[in-house]
Amino acid sequence: MKLVTFSNEGFKRIGALYPNDEIVDLNYAYQSFLESEGKLRSVQIANAYVPSSMVDFLQGGKESMAIAKKAADYAIDNRDSFRHKLIHAMEDIKLEAPVQNPGKIICVGQNYREHIAEMGRELPLFPVVFAKYTNAVIGPQDDIPFFPISEQLDYEAEFAFVIGQRTRQVSQEDALDYVAGYTIANDVTYRDIQRRTIEWLQGKTVDGSAPMGPWLVTSDELPDPSGLHVRLTVNGEERQKTNTSNFVFDVKYLIEFLSNLMTLEPGDIVLTGTPGGVGFARSPQVFLKDGDVVKIEIDKIGYLENRVRRVGEGK
């Protein structure tokens, strides 16, 4: 499935993307299915197994995934069977970041060989990790805010995975069993702020600096995260191009490595690093400006596109 979080009439809910750009409301779909079987307390049962927020839903693991798929198929065939609207046209809703309130956003730095070379560093012996926070998360239909704290706003195309069950000390052999699915992220970076100290956090955690989406492709639909082409353009001009086969540390390794440091929880997001071609490393350097459109495309997922919008002073 392709799982989404969407806004409609002031509420954020989760859904599944079906052909013809139709969004099935998964919580309402399961309520409708339960009522069709004469079940009492359908609202309470649906809220337990297929809640309307993504993190809560992912906590239900594979059982909730299977129930949601069955309910969504039922809704497609019985779209007028419920008191609430079961299916929305894409143009009638707003797509949000698929995971709204992840407990952790873990970012991996220096994970593509060409990016390491362009930044003048050597291949790391262990993954370089840092964090973003939920204040940074925005969706595929939001603008990237450009605050007047810097003139060096940079892009970083990222392949991201989302944890689907509690993960602690997992081996590489079993690692992919703990992934709920995959999405696209842009690790937007205020480059001069990032580099003014030896740690990177300041330039990485500004509000709105983690566009994500447009959906979460579940791991049953994308069982192998290797060999995927990644491409970033700014106003149609190609800036980054790579393949996930160029990772220094692949998804399996990262799950083993991270789960030996910390317990990963459902809804936690891991950004796997950016390839070469960032604006800071170009000659001459080139940074994002007001009105620029940044588009990231990844095989088997789709694309994430956001416009840069200058905010604050001077606007």
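Residues numbered from 1 in each chain as written. Predicted model: local features only at pLDDT ≥ 70, side-chain atom pairs only at ≥ 80, totals over all residues. Heavy atoms only, no water.

Chemist: Describe the sheet that holds strand 9 (residues 144–146), listing the residues and the values that go with them.
Modeler: Hydrogen bonds between backbone atoms are what pair the strands of a sheet, whose relative direction is either parallel or antiparallel. Spatially, the five strands line up as an open sheet ordered 9-19-18-15-16, and their pairing is mixed. Only two strands of the sheet have a single neighbouring strand rather than two, namely strand 9 and strand 16 (237–243). Between one strand and the next, the sheet's axes are offset by a mean angle of 15°, whatever the strand orientation. Across six bridges, strand 18 (residues 293–298) lies against strand 19 (residues 302–310) in antiparallel orientation. Counterpart to valine 294 in the pairing with strand 19 is asparagine 306. (Pairing = 2+ DSSP bridges. Helix = DSSP H or I, 4+ residues; strand = E, 2+ residues; numbered from the N terminus. Axes fitted to C-alpha atoms, helices over the stretch in contact; angles between N-to-C directions.)

Chemist: I'd like to hear about the domain arrangement of the chain, residue by residue, with values.
Modeler: Segmentation of the chain into domains returns domain 1 (2–94) and domain 2 (100–310). Centre-to-centre separation of domain 1 and domain 2, based on C-alpha positions: 29 Å. Contacts between the two partners involve 15 residues from domain 1, matched on the other side by 20 residues from domain 2. Both sides together, the interface formed by domain 1 and domain 2 hides about 1300 Å², and carbon and sulfur atoms give 61% of it. If you sort the residues of domain 1 by the area they bury against domain 2, Lys2, Leu58 and Lys94 come out on top, with a joint share of 41%. Along the contact surface separating domain 1 from domain 2 lie two salt bridges. Salt-bridge contacts for lysine 2 lead to glutamate 221; the nearest nitrogen and oxygen are separated by 2.8 Å. Applying the counting criterion to the domain 1 and domain 2 interface returns four residue pairs in polar contact (both at pLDDT 80 or more). Contributions of two or more residues to the side of domain 1 that touches domain 2 are made by strand 1 (2–8), strand 2 (11–18), helix 3 (54–58) and helix 4 (61–77). (Domains from an automatic or database assignment. Contact = heavy atoms within 4.5 Å. Buried area = accessible area lost by both parts, 1.4 Å probe. Salt bridge = Lys/Arg side-chain N within 4 Å of Asp/Glu carboxyl O. Polar contact = N/O pair within 3.5 Å; in protein donor to acceptor, adjacent residues only side chain to side chain.)

Chemist: I'd like to hear about unusual backbone geometry, residue by residue, with values.
Modeler: Generally, phi is negative for residues other than glycine and the peptide bonds are trans, each holding for most cases. A cis amide bond, omega 5°, links glycine 213 with the succeeding residue proline 214. By the secondary structure assignment, proline 214 is in strand 14 (residues 210–218). With phi around 55°, glutamine 169 is a residue other than glycine that occupies positive phi space. Looking at the secondary structure, you find glutamine 169 in the loop between strand 11 (157–163) and strand 12 (179–186). Judged by its relative accessible area of 54%, glutamine 169 falls in the exposed class. With phi around 70°, lysine 300 is a residue other than glycine that occupies positive phi space. Residue position: lysine 300 is located in the loop between strand 18 and strand 19. Look at lysine 300 and you get exposed, because its relative accessible area is 61%. (Buried < 20%, exposed > 50% of the residue type's maximum accessible area, 1.4 Å probe, protein only.)

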